[in-house]
Amino acid sequence: MEESLFALIRIGLDTEQPSEYVLSAVATLKGKQWRMLKEIAQKQGVSAVVLDGINNLCVAYGQERVCASTSLERWKDFVAEWSGDMIVTEQANLQQQEVMSDLAAAWMAKGCRVMLMKGQANGTFYPKPEHRSPGDIDCYLFENYSRGNEIAREAGALVDESWYKHSQIHYKGELFENHQYFVHTRDGKRGKSLEKELEAALNVPEKEFSILNSQCLILMPPVQWNAMFLTYHACAHFVSEGLRLKQILDWAMFLKTHQNDVDWPQFYAFCERHHLKRFVDAMTDIAVKYLGVNVTQEAQIATGSPYTDKILHSALYDEDYVFGSGEGSWHNRWHLIRNLFHYRWKYEEIYQTSVWKQLWWYATGFLFKTE
């Protein structure tokens, strides 16, 4: 099942062309196995990409050969159902982009610079941006965090500023996260140090920022900053609650798009300072071995890791997601602490820190609000 999943992802991402080898792997799948594959893809946030792979394989070899081990009529119904899910993803992305442009226009009309982060920004690296599974809309307004919240209220949004890291802005059916900080700065001196370094990395000439599109002047992050932030953000998710394939695909597509634009010695020095090197080496190894990314800067980019399979297995099979569960804040805090000890190998082997030290930072940050 995993072999078929990754083969279809590679074809969907255009990192591999359809081949008889891939065809032979998926043609043995029966009806129930196809259903399982679809469920895994949905859970991992890569459903539309996998369907792109299936569609490309069908174009190359025909539906009859792709679904050789199941009924053609049932297969057509199954693919039609999956295509309906893809349309929902496309419409959700389109809706986000329209609402995002609307609120960004209100911010920019009042003199705010708007930088897009994470979800919609990462989607631009994909062959079909509309097929990246959407999440929240993350943005950064530089020195205008509080002013941005007020402008959003004036535009009719509901704004929740109860958490220190970012506000939550509910606007026209979409959720924006307006970031005051990029990292958990209550996480001791190391969090504050990382935050300062990320903020400093944005003090670059305007030409280092790209524009989302010609109609909307939303800024895209500088490449070097994006390499740093994507690595930190994915690792933070990994150690605290787990990682989905969607986040690994983001790194793979960033690597495919921008590997020639990153200052790799500077980037790896950053990773060493912040205990991210073991994690990013495994992410890059997954991108190369499982997702088909061709690394041309082999002398500069590390493409091997002893932790690759362990991290990938965790992404596929661990299910201890904390945030977005709908539970209350106290339940989430307890869940974080439980995960801290249950998955202590992530902290000790990958993040290279003691779980007791991490618990100390959690406690002191919560009690003393040390942002």
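Residues numbered from 1 in each chain as written. Predicted model: local features only at pLDDT ≥ 70, side-chain atom pairs only at ≥ 80, totals over all residues. Heavy atoms only, no water.

## What about the overall build of the protein?
1) Next: Check the secondary structure of the protein and you find 17 helices and seven strands.
2) Next: Residue burial in the protein is summarised as follows: out of 371 residues, 52% are buried.
3) Next: If you take every contact in the protein between residues at least 6 apart in sequence, the share linking residues at least 24 apart comes to 68%.
4) Next: Carbon and sulfur atoms make up 53% of the accessible area of the protein, which amounts to about 16,900 Å² in all. (Helix = DSSP H or I, 4+ residues; strand = E, 2+ residues; numbered from the N terminus. Buried < 20%, exposed > 50% of the residue type's maximum accessible area, 1.4 Å probe, protein only. Contact = heavy atoms within 4.5 Å. Areas by Shrake-Rupley, 256 points an atom, 1.4 Å probe, with all protein chains shown as cover.)

## Details of unusual backbone geometry
1) Next: Residues other than glycine seldom take positive phi values, yet Asp14 does so here, at roughly 65°.
2) Next: Taking relative accessible area as the criterion, Asp14 reaches 44% and is therefore assigned partly exposed.
3) Next: Residue His275 is not a glycine yet carries a positive backbone phi of 60°.
4) Next: Its place among the elements puts His275 in the loop between α12 (264-273) and α13 (277-289).

## Things to note about the state of the cysteines
1) Next: This structure, assessed with the given rule, holds zero disulfides.
2) Next: Not engaged in a disulfide, the cysteine Cys58 finds its nearest cysteine sulfur in Cys67; these two sulfurs lie 7.3 Å apart.
3) Next: For Cys58, a relative accessible area of 15% corresponds to the buried category. (Disulfide = S-S within 2.5 Å.)

## Regarding α12
1) Next: Within α12, the full set of buried residues consists of Trp264, Phe267, Tyr268, Phe270 and Cys271. Down the axis, α12 shows its buried residues gathered within 150° of arc, on one side only. In α12, the exposed positions angled more than 90 degrees off the buried face are occupied by Pro265 and Glu272.
2) Next: Those residues of α12 that are buried are in contact with α9 (188-200), α10 (223-240), α11 (245-258) and α13.
3) Next: Where α12 starts, the residue carrying a side-chain oxygen 3.1 Å from the main-chain nitrogen of Gln266 turns out to be Asp263. (Arc of directions from axis to C-beta. Polar contact = N/O pair within 3.5 Å; in protein donor to acceptor, adjacent residues only side chain to side chain.)

## Points about helix α3 (residues 31-43)
1) Next: Counted at 1.5 Å a residue, the expected span for α3 with its 13 residues is 18 Å, and the 19 Å between its end C-alpha atoms agrees.
2) Next: Among all positions of α3, only Trp34, Leu37, Lys38 and Ala41 are buried. One side of α3 carries all its buried residues, which in axial view fall inside an arc of 100°. Looking at α3, the residues exposed on the side facing more than 90 degrees away from the buried face are Lys32 and Glu39. (Expected span 1.5 Å × (residues − 1).)

## Thoughts on the pairing of strand β5 (residues 174-179)
1) Next: Most of β5 sits out of view: five of its six residues are buried.
2) Next: In this structure, strand β4 (residues 166-171) lies alongside β5, joined through six bridges in antiparallel fashion. Across the sheet, His170 pairs through a bridge with Leu175, a residue of β5. (Pairing = 2+ DSSP bridges.)

## Section: the packing of aromatic side chains
By convention here, two paired aromatic rings are described through the distance between centres and the angle between planes.
1) Next: Summed over all chains, the structure comprises 22 aromatic pairs.
2) Next: With a centroid separation of 5.6 Å and 75° between ring planes, the pair formed by Trp163 and Tyr164 is classed as edge-to-face.
3) Next: The class for Tyr164 is buried, based on a relative accessible area of 9%.
4) Next: Chaining the aromatic ring pairs together yields one cluster made of Tyr140, Phe142, Phe182, Phe209, Trp225, Phe229 and Tyr232. (Phe/Tyr/Trp six-rings, centres within 6.5 Å; stacked < 30°, edge-to-face > 60°.)

## Section: the environment of Ala106
1) Next: Tracing the sequence through the fold places Ala106 in helix α6 (residues 72-109).
2) Next: Relative accessible area serves as the criterion here: at 24%, Ala106 is assigned to the partly exposed category.
3) Next: When the C-alpha atoms of Ala106 and Ile151 are compared, they prove to be 7.3 Å apart, with 45 residues separating the residues in sequence.

## Re the side chain of Asp250
1) Next: On the secondary structure map, Asp250 appears in helix α11.
2) Next: Reaching out from Asp250, the side chain makes a polar contact with the side chain of Asn122 at a distance of 3.1 Å.
3) Next: Beyond its immediate stretch of four places on either side in the chain, Asp250 contacts Asn122, Phe125, Tyr126 and Arg132.

## Considering the nonpolar core
1) Next: Counting 89 residues, the largest nonpolar core has Ile9, Trp34, Met115, Phe182, Trp251 and Phe267 as the members making the most contacts within it.
2) Next: Sorting elements by how many residues they give to this core places α10 first, with eleven residues.
3) Next: For Trp251, the contacting residues outside a window of four places in its chain are Ala227, Leu230, Thr231, Trp264, Phe267, Val280, Met283 and Thr284.
4) Next: Residues Cys112, Ile137, Leu141 and Met220 belong to the second largest nonpolar core, which totals 22 residues. (Core = buried A, V, L, I, M, F, W, Y, C linked by side-chain atoms within 4.5 Å.)

## As for the environment of Glu143
1) Next: Among the secondary structure elements, Glu143 is positioned in the loop between β2 (137-140) and α8 (145-154).
2) Next: Once the C-alpha coordinates of Glu143 and Gln180 are considered, the two residues, 37 residues apart in sequence, prove to be 8.7 Å apart.

The values reported here are purely geometric and, on their own, carry no functional implication.
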